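Structure at a glance
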Amino acid sequence: MRTIIHQRPAKVADKNSSTMLKDFFIEVGLITTFAGHFFKELFKPPFEFKETFKQCFMVGNKSLLLVGLSGFIMGIVLTIQSRPGLELMGATSWLPGMDAQGIVREMGPAITCLICAGKVGSGIGAELASMRVSEQIDAMEVSGTKPFKYLVVTRVVATTLMIPLLVIVSDFISLIGAFFACNLKDSVSMPLFISEVFASIGFLDLFSATIKTVFFGFAIGLIGCYEGYNSSKGTEGVGKAANSAVVIGSLLVFILDMIAVQITSFFQ
Amino acid sequence: MKTGTGNKIKLGIFVTSGVLIFIVAIYFLGQRQQLFNSTFRISSLFKDANGLAVGNNVRFDGINVGTVDKIQITSDTSVKVEMVIDESIRKFLKKGVKAIVGSEGLMGSKVVNISPGMSDEKEIQNNEIVESGASTNIDEILLNMQLASYNAVDITDNLGAIITNIRAGKGSVGKLFMDTTFANTLGQTMTNVEEGTEAAKHSFLLKGYFKDKEKAKAKELAKEKEAAKKKKDKGN
């Protein structure tokens, strides 16, 4: 029994707008069904703990260097770019607070998740697509292993759990970068910097930023798996799956971010 | 198998460090909002909250000792502000303390400043309503500045009128500065006074007085010369 393969509509060469709209809604429907199937399989034993740990390592640890480095640069760049504007008002002492708000609220989650959508999303998409192309997924189904549970659930759980952690570590490293950049032209001691950072952010900032990254992580993993798992046969399909995983994953990150900002603003 | 264990350890370190950073951040944020310290509450009634918001700092002697916890309108002319204060500060807060709404700077957020009470009084109690002081409102300052500028306009107007009169030679000061005949008369008077003094020096009634004065002057000069000589000798 085949677990799940979502048959995508056949691609028509010359599409008119109504066909494109129809395709879009079909795609949204298929992704929703795919997500539903994920939640159904998530709570059904047996649980693939070992594979989940392995995927957590692949998503978390393997992205740490890239995320950490880009976070550090982001902190430095944000500080250097914000300085002239604040200097005009003679308010350079606000730099640590402004950095903290910018990094914790938006830059950290958005940029880290976009990097993860590029690295992790495309990786998952390409991996599953090549498994589909080389008929490994079909072989798993035939042999009685549940490929959806083993391949999709573990990966989506891994991205959902690891991306928020990556964002927290990235925020931390960004603030270290911001501290160094603040000390390029000014002299700010570490205790003063920490005090200014925590004076400018509140619980709402920290929690809303962390909660939204859980959704970002889920979206990146889900889209990566969906595109890979349902890729078209042939080597072309692998490239397409990886590409769509990045594009749709990044777009979803922005859409979810916009929704998160709207929800957070209700509480402010 | 070995690499599997190694990966698990690495993953463990990553997860632990991420969670630790999160917990430390929560701890720092909580500490700022007095979540983990034992606290007590005080409240104060203000006529005007002046833009105070929940979460603003409460300062005593310029140090952050708590936060504003609740603001509610109790009547059309009073606002009740409840504050959470660090328990360790209670021993310094005696009865008679005053809460005043101030601001951190021209562009900064609002703060409640608590001024010290009577040092020989008892400590304030939990949930006590403390007296509120009138805060300096930026609008009031601007209003006073406006009054001061109106006064300055009046003063410069008057000064202008006085200077015009002087230039026109009106009044005694105007005459002094602008009238040439007045200056000539004044010069003649001064010459007359000079001649009168010279005549007095030669009159037999005042001759003695002027001679005594000259002698005293000559003596003083001689003394000064001697003192200067002694100093020179000591230096050599």
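The preceding data block contains the structure.
What you are looking at is a predicted structure, and each value in this text was computed from that prediction instead of being measured.

A few words on the pattern of salt bridges. In the structure shown here, the tally under the stated rule is twelve salt bridges over all chains. Between K212(A) and D257(A) there is a salt bridge whose closest N-O contact spans 2.9 Å. Placement of the pair is K212(A) in helix α7 (residues 203–229) and D257(A) in helix α8 (residues 235–267), with a sequence separation of 45 residues. Residue class for D257(A) comes out buried when judged on its relative accessible area of 6%. Linking E128(B) and K95(B) is a salt bridge whose minimum nitrogen-to-oxygen distance equals 3.8 Å. With a gap of 33 residues between them, E128(B) in strand β7 (residues 128–132) and K95(B) in the loop between β4 (78–86) and β5 (98–103) connect regions that are remote in the sequence.

This paragraph deals with the sheet that holds strand β3 (residues 63–75) of chain B. Residue and element names in this part refer to chain B. Pairing is mixed around the closed barrel formed by seven strands, whose spatial order is β1-β4-β3-β2-β6-β5-β7. Going across the sheet, the axis of each strand differs from the next one's by a mean of 40 degrees, ignoring polarity. Of the strand pairs in this sheet, β5 and strand β6 (residues 110–115) are connected by six bridges, and their pairing is antiparallel. Its bridge partner being in β6, S103 is matched across the sheet by K110.

Time to look at helix α4 (residues 136–143) of chain A. Residues and elements named next belong to chain A. Within α4, burial applies to I137, D138, M140 and E141. The arc enclosing the buried residues of α4, seen along the axis, measures out at 160 degrees, which places them on a common side. Of the residues in α4, the exposed ones pointing more than 90 degrees away from the buried face are V142 and S143. Turning to α4, the residues buried within the fold contact α3 (95–133), α5 (147–185) and α7. One or two residues past the end of α4 sits G144, with phi positive at roughly 95 degrees.

All names here are of chain A. Together, L204, L251, I255, I259, I263, F266 and F267 give the surface a local cluster of nonpolar side chains, amounting to about 720 Å² of exposed area. In terms of residue count, the dominant contributor to the nonpolar patch is α8 (six residues). For I259, the position within the fold is in helix α8.

The next point concerns the pairing of strand β2 (residues 57–60) of chain B. All names here are of chain B. When β2 meets β3, the two strands line up antiparallel, connected through four bridges. Residue pairing in the sheet places N57 in a bridge with T67 of β3. The loop that links β2 with its antiparallel partner β3 comprises two residues; one of these, D61, has a positive phi angle of about 55 degrees.

This part covers unusual backbone geometry. Between P45(A) and the following residue, P46(A), the backbone shows a cis peptide bond with an omega angle of 0 degrees. Relative to the elements of secondary structure, P46(A) occurs in the loop between α1 (17–42) and α2 (49–88). Phi is positive for N127(B), which is not a glycine, with a value near 60 degrees.

So, about the pairing of β5(B). Of the pairings in the sheet, the one linking β5(B) to β7(B) comprises two bridges and is parallel in character. Within the sheet, the bridge partner assigned to A99(B) lies in β7(B) and is S132(B).

Here we come to the nonpolar core. With 65 residues, the main nonpolar core has F34(A), F38(A), L128(A), V152(A), F193(A) and L222(A) as its most contacted residues. For this core, the secondary structure elements donating two or more residues are α1, α2, α3, α4, α5, α6 (190–200) and α7 of chain A together with α1 (2–32) of chain B. In terms of residue count, α5(A) provides more of this core than any other element does, 18 residues in total. Membership of the second largest hydrophobic core comes to 22 residues, among which are F46(B), M83(B), L93(B) and V130(B).

The rules behind these values
Residues numbered from 1 in each chain as written. Chains lettered and ligands numbered in written order. Predicted model: local features only at pLDDT ≥ 70, side-chain atom pairs only at ≥ 80, totals over all residues. Heavy atoms only, no water. Salt bridge = Lys/Arg side-chain N within 4 Å of Asp/Glu carboxyl O. Helix = DSSP H or I, 4+ residues; strand = E, 2+ residues; numbered from the N terminus. Buried < 20%, exposed > 50% of the residue type's maximum accessible area, 1.4 Å probe, protein only. Pairing = 2+ DSSP bridges. Axes fitted to C-alpha atoms, helices over the stretch in contact; angles between N-to-C directions. Arc of directions from axis to C-beta. Contact = heavy atoms within 4.5 Å. Patch = residues over 30% accessible without salt bridge, like charges linked within 9 Å, V, L, I, M, F, W, Y side chains within 5 Å. Areas by Shrake-Rupley, 256 points an atom, 1.4 Å probe, with all protein chains shown as cover. Core = buried A, V, L, I, M, F, W, Y, C linked by side-chain atoms within 4.5 Å.

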